Amino acid sequence: MLYFQSWSGGKDSTASIILEHIHSLPPSKIIMSEVMFDKKRNISGELPEHIEWVHGTAVPLFRSWGYEVEILRADKDYLDLFFHTIEK
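Overview of the structure. (Residues numbered from 1 in each chain as written. Predicted model: local features only at pLDDT ≥ 70, side-chain atom pairs only at ≥ 80, totals over all residues. Heavy atoms only, no water.)

## Observations regarding the overall build of the protein
A count of helical and extended segments in the protein gives three helices and three strands. Traced from its N-terminal end to its C-terminal end, the protein shows the element sequence β-α-β-α-β-α. Scaling as 2.2 N^0.38, a compact globule of 88 residues should have a C-alpha radius of gyration of about 12 Å, whereas the protein reaches 16 Å, well beyond that. Along the first, second and third principal axes, the C-alpha set of the protein runs to 55 × 30 × 20 Å. (Helix = DSSP H or I, 4+ residues; strand = E, 2+ residues; numbered from the N terminus. Rg over C-alpha atoms; globule rule 2.2 N^0.38 Å.)

Right under this line is the structure:
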């Protein structure tokens, strides 16, 4: 059976993954939704230090523990939605 873990990259959801690992529970598939991603410039709306820690430290560590990590991004970014002209 596959379990899913919603992960924001914050302390609480990160702690739940660490506890899952410490207690030898079956690894979950970790899902993170990266909001406000600017596709044109390939940058995140998250704080640079935070997203660097997510991609550079946390994700590689979780994968080394046997977790599958998937970071989701929407098809449209916030600029697509901001500059969208509403038509009938």
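## Notes on unusual backbone geometry
Phi at Ser 24 is positive, roughly 55 degrees, even though this residue is not glycine. Position of Ser 24 relative to the elements: it lies in the loop between α1 (11-22) and β2 (29-33).

## A word on helix α2 (residues 48-64)
Taking 1.5 Å of rise per residue, 17 residues should cover 24 Å, and α2 covers 23 Å from first to last C-alpha, within 8% of that figure. Roughly 35 degrees is the biggest bend found in α2, and it falls at Val 54. Those residues of α2 not exposed but buried are Ile 51, Val 54, Ala 58, Val 59 and Phe 62. Packed against the buried residues of α2 are α1, β2 and β3 (68-72). Directly beyond the C-terminal end of α2, a positive phi value near 100 degrees is found at Gly 66. (Expected span 1.5 Å × (residues − 1). Bend = angle between axes of the 7 residues up to and from the residue. Buried < 20%, exposed > 50% of the residue type's maximum accessible area, 1.4 Å probe, protein only. Contact = heavy atoms within 4.5 Å.)

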